[in-house]
Every structure is written in C-alpha cells, then in structure tokens.
Amino acid sequence: MRKNKVILIGNLKQNPKTLKEALTLSEFYIKLKKTYKNLELGISLPYVFLHEVNKKYSKSLNIYAQNISAYPDGAHTGEVGAIQIKSLKIKGSIIGHSETRANGDTNETIQKKVTEALKNNLQIILCVGEKERKDNGDYVNEINTQIESALLYVKKAETKNITIVYEPVWAIGEKAVRNANQDEIYEITIIIRKKLFEMFGKSVGEKINIMYGGSVNSKNINSLSEIKPVNGFLLGRTSLDTKELKLIAETLNNI
Ligand code: PGA
C-alpha cells in the first residue's frame, strides 16, 4: 500500500444542471470518502453551486472552484476573484485547465492567477499538458515552459498549496485521440518532478503532488494506478457517473 492517500478529484465542468443535483453528487463523494479511507477526495464545482455545497460539506470533502480571475478585483465582468473564493472559505481552485487555456488563458495569465490564489492562501490544482504529442519531443519544452511560467514567483513555503496535474490535451474528453499510456505518463511525471527540483530544490520539490487526468475511467484505472510517481487522478466525464466513481475509488483504495 502507498504511504500517502491517493488524491481523487472530480472536475464537474459545466455540470450538473441544478443545485439539487450538485448537492446529491457531493453527498455521493462524501459516502465514497467514508468507505474508501485511503483516498483524499475532492470535487470541483461551477461557481453557482460552490457556496451552498461548501457551506454544507466543506468539513467532509475538499471543495474547489474551477478557475479564478487573474485580477484582484475591479472591472472584469463575469470573473470571480481569489479573495471572493477565500471569503466563502473555499479550499482552492483548479488553474490552467486546458479548457480555460483554450478559451484564452495564456502562460502569463495563469502566472497571475497562481499569484492571486497564493496571496489568498488558496490551494491550487495546476493543470499542465501538451496539445499534441509529436516525435520531435517539443512537448517536453511545452510542459517545462508551462510549469516554469506558472510557478515563477512562487516561494518555497508556498509550494505546500500546489498540486500539479498532468493532462495531455490530446487524451482529454470526447475528442481524445487516444488514451495516454503508462510510459508516456511516467515520462512526464519525471520531467515535471525534475523541473520542480530545479525550481525549489529536492526536499521541497519532492513534496509537491503530481496527478494525472485525461479519460480516466474504471477500465484504465488499474493500469494507471501502477504508475508509482502519480499521486492521484483528476476526473472529467467519470466525475459525474456514480457507478464509474465507485469502481475507480474502489480500485485506488486497494493499491
Ligand atoms: P476527461 O476530462 O476525464 O473527461 O477526459 C479530464 C479533464 O478535463 O480534467
């Protein structure tokens, strides 16, 4: 068995349709947490449901936003700032998900979001990953640049609030080209770890958790769970499917 709990976070994206469903789903996550004690379970909800779910369940579940503004406050229609998230006592937020990158988040924007989040003592689930994987190895530079840029102003002491998720864009969602295999994921977690050592030193860098996300389901979780340097998983589609969730949690709980 592993020394540390395996992290499992559901990213609900623009789901579910109602607050009632969001509450019911969160209750299911709590049930899983009580059953599978080797897991560190979390859920990342749309803003509209965050306050209510957090008010009810923050003591039983790790609850996260899906994004935050790059700005502290002001004239940014539609944005929600880290200070606002903090004021509701929400634990943290995903930052740099490929879907927000596709909607205009640059490495520079993500760097600002990271700074805002850390200023407000929020936990960050930082997503990185290459758009496509070509044989020329460009993806290594792409990922190193994403990490270097996002964490450029992060102090060693602040890294306790950071978790990194490797999410190859080509392996995410319904448009996925294919699943990432063990070797590909292993390679990148090592590259990420090396970069973290370089930036923060070995003793600090080795404490930062690295997760994987991209088409994780009950069929591939066994194989994915064998990749030892991976500390947890971020779920997209399967985060909404209670049958899948249970199977994934069960498998991870027993590794
Ligand atoms: P997926 O999404 O599990 O549906 O591929 C993962 C993600 O976008 O985080």
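Definitions and limits used
- Each chain carries its own residue numbering, running from 1 in the direction its sequence is written.
- In view of the model being predicted, local features appear only for residues whose pLDDT reaches at least 70, and side-chain atom pairs are presented and counted only at 80 or more, with totals across whole chains, interfaces and linings using the full set of residues.
- Note: side-chain values were computed over all heavy atoms of the structure, leaving out hydrogens and water.
- Helix and strand labels come from DSSP, where a helix needs a run of H or I of at least four residues and a strand needs a run of E of at least two; each type is numbered from the N terminus.
- We compute the radius of gyration from the C-alpha atoms alone; for a globule the expected value is 2.2 Å times N to the 0.38, where N is the number of residues.
- For every residue, the accessible area obtained with a 1.4 Å probe (protein chains only) is divided by the maximum for its type, and the residue is called buried under 20%, exposed over 50%, and partly exposed between those limits.
- A contact between two residues is defined here by any heavy atoms of the two lying within 4.5 Å.
- Accessible surface is estimated by sampling points in the Shrake-Rupley manner with a 1.4 Å probe; for residues, cover comes only from the protein chains shown.
- By the counting rule applied here, Lys and Arg register as positive and Asp and Glu as negative, while His and the ends of each chain are not counted.
- Here the site of a charge means atom NZ of a Lys, CZ of an Arg, CG of an Asp or CD of a Glu.
- Under this scheme, a helix contributes an axis fitted over its contacting stretch, all axes are lines through C-alpha atoms, and angles between N-to-C directions fall in the 0 to 180 degree range.
- Oblique is the label for any angle not under 35 degrees, not over 145, and not in the 65 to 115 range, which are roughly parallel, roughly antiparallel and roughly perpendicular in turn.
- Left-handed describes a crossing whose near helix is turned anticlockwise from the far helix through less than a right angle; right-handed describes the clockwise counterpart.
- Just so you know the grouping, Ala, Val, Leu, Ile, Met, Phe, Trp, Tyr, Cys and Pro go in nonpolar, Asp, Glu, Lys and Arg go in charged, and all remaining residues, Gly too, go in polar.
- Residues are called lining when one of their atoms sits within 4 Å of a cavity or pocket point, these points coming from a 1 Å grid over the protein atoms alone, where a cavity is a set in which a 1.4 Å probe fits but cannot get out and a pocket is an open set with protein on both sides within 12 Å along at least five of seven lines.
- Grid points are joined across faces, edges and corners, and a volume is the space filled by probe spheres set on the points.
- For this purpose, a residue is taken to be near a molecule or strand whenever a single non-hydrogen atom of the residue falls within 4 Å of it.
- For this analysis, a polar contact is any N or O atom pair within 3.5 Å, provided that within protein one partner can donate a hydrogen and the other can accept it, and provided that sequence-adjacent residues contribute only side-chain to side-chain pairs.
- When two rings of Phe, Tyr or Trp (its six-membered ring) have centres within 6.5 Å they constitute a pair, described as stacked for plane angles under 30 degrees, edge-to-face for angles over 60, and tilted for the intermediate range.
- A ring has a charge above it when a Lys NZ or an Arg CZ is no more than 6 Å from the ring centre and no more than 35 degrees off the ring normal.
- Paired strands, in this sense, are two strands between which DSSP finds at least two bridges.
- Throughout, right-handed denotes a crossover for which the path from the first strand over the helix to the second runs clockwise when the strands point away from the viewer.

Colleague: For the overall build of the chain, give the residues involved together with the corresponding values.
Modeller: Looking only at helices and strands, one finds 10 helices and eight strands in the chain. On C-alpha atoms alone, the chain measures out to a radius of gyration of 17 Å, which is about the 18 Å that the 2.2 N^0.38 rule sets for 255 residues. Across its three principal axes, the chain shows a C-alpha extent of roughly 50 × 45 × 35 Å. The proportion of buried residues among the 255 residues of the chain is 53%. Across the chain, contacts joining residues at least 24 apart in sequence account for 70% of those joining residues at least 6 apart. In the form shown here, the chain has an accessible surface area of approximately 12,800 Å², with 51% of it arising from carbon and sulfur atoms. Treating the 38 positive side-chain charges of the chain as one cloud and the 28 negative ones as another, the clouds have centres 8 Å apart.

Colleague: Outline the packing of helix α1 (residues 19–35) against helix α10 (residues 242–253), supporting the account with residue identities and numerical values.
Modeller: Running from N to C, α1 and α10 cross one another at 20°; their axes reach a closest spacing of 11 Å. With respect to each other, α1 and α10 are oriented roughly parallel. Considering only the axes of α1 and α10, their crossing is right-handed. On the side of α1, the interface is formed by L25, F28, Y29 and L32, while α10 contributes T242, L245, K246 and A249. When the residues that make up the contact of α1 with α10 are grouped by side-chain class, the tally is six nonpolar, one polar and one charged.

Colleague: Explain empty space enclosed by the protein to me, and be specific about the residues and the numbers.
Modeller: Applying the stated criterion across every chain, the model contains one cavity of 30 Å³ or more. If you trace the largest cavity, you find it lined by G96, H97, S98, R101, C127, V128, G129, E167 and V169. Secondary-structure elements contributing two or more residues to the lining of the largest cavity are α4 (98–102) and β5 (123–128). Looking at the lining of the largest cavity residue by residue, the class counts come to three nonpolar, four polar and two charged.

Colleague: Which residues make up the site of the ligand, and what values go with them?
Modeller: Every residue near the ligand is listed here: N11, K13, H97, E167, I172, G173, G214, S215, L234, G236 and R237. Between an oxygen atom of the ligand and a side-chain N or O atom of K13, the distance comes to 2.6 Å. The protein chains hide 99% of the 280 Å² of surface that the ligand would expose on its own. Of the residues assigned to the shell around the ligand, the class counts are two nonpolar, six polar and three charged.

Colleague: Please give an account of the packing of aromatic side chains that cites residues and values.
Modeller: Given two aromatic rings, one states the distance between the centres and the angle between the planes to describe the pair. What the rule picks out here adds up to one aromatic pair. Taken together, a centroid distance of 6.0 Å and an interplanar angle of 55° make the contact between Y166 and Y212 tilted. Remark: Y212 occurs in strand β7 (residues 209–213) and Y166 occurs in strand β6 (residues 162–166); sequence separation between them is 46 residues. For Y166, a relative accessible area of 0% gives the class buried. We classify Y212 as buried; its relative accessible area is 1%. In this arrangement the basic side chain of R133 is found over the ring face of Y139, its NZ or CZ atom lying 4.0 Å from the centre.

Colleague: Which residues make up the environment of V165, and what values do they have?
Modeller: Considering the arrangement of structural elements, one finds V165 in strand β6. Taking C-alpha positions, V165 is 9.5 Å from I94, a pair spaced 71 residues apart along the chain. In this structure V165 touches I125, L126, C127, V128, M211, Y212, G213 and L234, once residues within four positions along its chain are discounted.

Colleague: Quick rundown of the pairing of strand β2 (residues 39–44)? Include the residues and the values.
Modeller: With respect to burial, β2 is a largely interior element, five of its six residues being buried. Sheet topology note: the strand β1 (residues 6–11)/β2 ladder contains six bridges and is parallel. For G10, the partnering residue across the bridge sits in β2 and is I43. On the question of chirality, the crossover connecting β1 to the parallel β2 by way of α1 is right-handed.

Colleague: Give a description of the pairing of strand β4 (residues 92–95) that names residues and reports values.
Modeller: Across two bridges, the pairing between strand β3 (residues 62–65) and β4 is parallel. Looking across to β4, one finds that Y64 is bridged to G92. Read as a crossover between parallel neighbours, the route from β3 over helix α3 (residues 82–87) to β4 is right-handed. Bridge count for β4 against β5 is four bridges, and the pairing is parallel. Each bridged residue has a counterpart across the sheet, and for I95 the counterpart in β5 is L126.

By themselves, these are just geometric observations and shouldn't be taken as functional.
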